[in-house]
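Descriptive analysis of the structure
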Amino acid sequence: AQSVAQPEDQVNVAEGNPLTVKCTYSVSGNPYLFWYVQYPNRGLQFLLKYITGDNLVKGSYGFEAEFNKSQTSFHLKKPSALVSDSALYFCAVSSGSGNTGKLIFGQGTTLQVKP
Amino acid sequence: EAGVAQSPRYKIIEKRQSVAFWCNPISGHATLYWYQQILGQGPKLLIQFQNNGVVDDSQLPKDRFSAERLKGVDSTLKIQPAKLEDSAVYLCASSLVGSEKLFFGSGTQLSVL
C-alpha cells in the first residue's frame, strides 16, 4: 500500500534562514511526488512535482525539493524563509500508473517563520 | 482565470440529517475530485470523475455518501444520513485529463453535532 509520512507536525525557522520540511514515502513502482501548500481558509495550492529526471526539482515561490530514491525521501527546501511562507505543507504521492490524480497525502507539517 | 468554486463555505447539521455540497471546476477540466480532510490529517480521496464517469470511488462510504456529475461539469456530493465522524472539510479539485497538477477549491467545512 502507498503511504506518505511527514515526521514533523511543526517546523519553526527564523526569517532569512534556510528551511526544510521532511517527507518520506512508500510506493510500489516509480513514484510521482508532490508538495502542496495550504494557507488559512484557502484550498491547497500546487508547489512542485517530481516525475522523473533531475533529483532536484524547482517549484513556485522559490521552493525546491530533493528526491532521494535510496532513502525514499522527498524533502521540501528553501534557501531563505519568508514570514509569508508560514502555512501548512502537504507531501503527496501517486503510483503514477494509470491514475496520477489519485494522491495519497501525508498528515501535513505546519511551517512557522518568525521575523 | 476563475478557480474551483465550492459552496456552501460552512455547514452545521445534526447527526442523521442530510447535506449536499456543490462544486464547479475550472473550465475545460474534465477530471474532478472530491477529497475529505479531517482535522489534523491530510486529504483523502473520496471519488474521482472523468467527464461524467466515475474513475475511482473505492474510498467512498457508499452506504451514506453519493456523488454525481451529470453533465460532466459541476458536481454534487451528498451525505445521508450524516454521522459525527463526517465532520471535516470537503475539498473539490479539478485537473486537465492526464495532468498531475490538481487545482483545489477553498472547501466546505462541515460540522456534524
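Below you will find a few notes about this structure. (Residues numbered from 1 in each chain as written. Chains lettered and ligands numbered in written order. Predicted model: local features only at pLDDT ≥ 70, side-chain atom pairs only at ≥ 80, totals over all residues. Heavy atoms only, no water.)

To continue, consider the interface of chain B and chain A. Between chain B and chain A, the contact holds 24 residues from the first and 20 residues from the second. Of the roughly 1600 Å² buried at the junction of chain B and chain A (both faces included), carbon and sulfur atoms supply 51%. It is Pro43, Glu100 and Phe104 of chain B that lose the most area in chain B upon contact with chain A, and together they represent 33% of the buried surface on that side. For the salt bridge of Glu100 of chain B with Lys49 of chain A, the shortest nitrogen-to-oxygen distance reads 2.7 Å. (Contact = heavy atoms within 4.5 Å. Buried area = accessible area lost by both parts, 1.4 Å probe. Salt bridge = Lys/Arg side-chain N within 4 Å of Asp/Glu carboxyl O.)

Moving on: the sheet that holds strand β3 (residues 19-24) of chain B. All names here are of chain B. A sheet is described by the order of its strands in space; here four strands give the open sequence β1-β3-β8-β7, paired in antiparallel fashion. Edge strands, defined here as strands with exactly one partner in the open sheet, are β1 (5-7) and β7 (65-68). Sheet twist, expressed as the average angle between the axes of neighbouring strands with direction ignored, equals 15°. Note that β7 and strand β8 (residues 75-79) share four bridges and pair antiparallel. Each bridged residue has a counterpart across the sheet, and for Ala67 the counterpart in β8 is Leu77. (Pairing = 2+ DSSP bridges. Helix = DSSP H or I, 4+ residues; strand = E, 2+ residues; numbered from the N terminus. Axes fitted to C-alpha atoms, helices over the stretch in contact; angles between N-to-C directions.)

On to the nonpolar core. Counting 28 residues, the largest nonpolar core has Trp35, Leu47, Leu48, Phe74, Leu76 and Tyr89 of chain A as the members making the most contacts within it. Looking at this core, the elements that each hand over two or more residues are β2 (10-14), β3 (19-21), β5 (32-38), β6 (44-50), β8 (64-68), β9 (73-78), β10 (87-94) and β12 (109-114) of chain A. Ranked by residue count, the leading element in this core is β10 of chain A, at four residues. One finds Val4, Ile13, Ile26 and Phe65 of chain B within the second-largest nonpolar core, a separate group that totals 21 residues. (Core = buried A, V, L, I, M, F, W, Y, C linked by side-chain atoms within 4.5 Å. Buried < 20%, exposed > 50% of the residue type's maximum accessible area, 1.4 Å probe, protein only.)

Geometric values such as these leave the question of function open.
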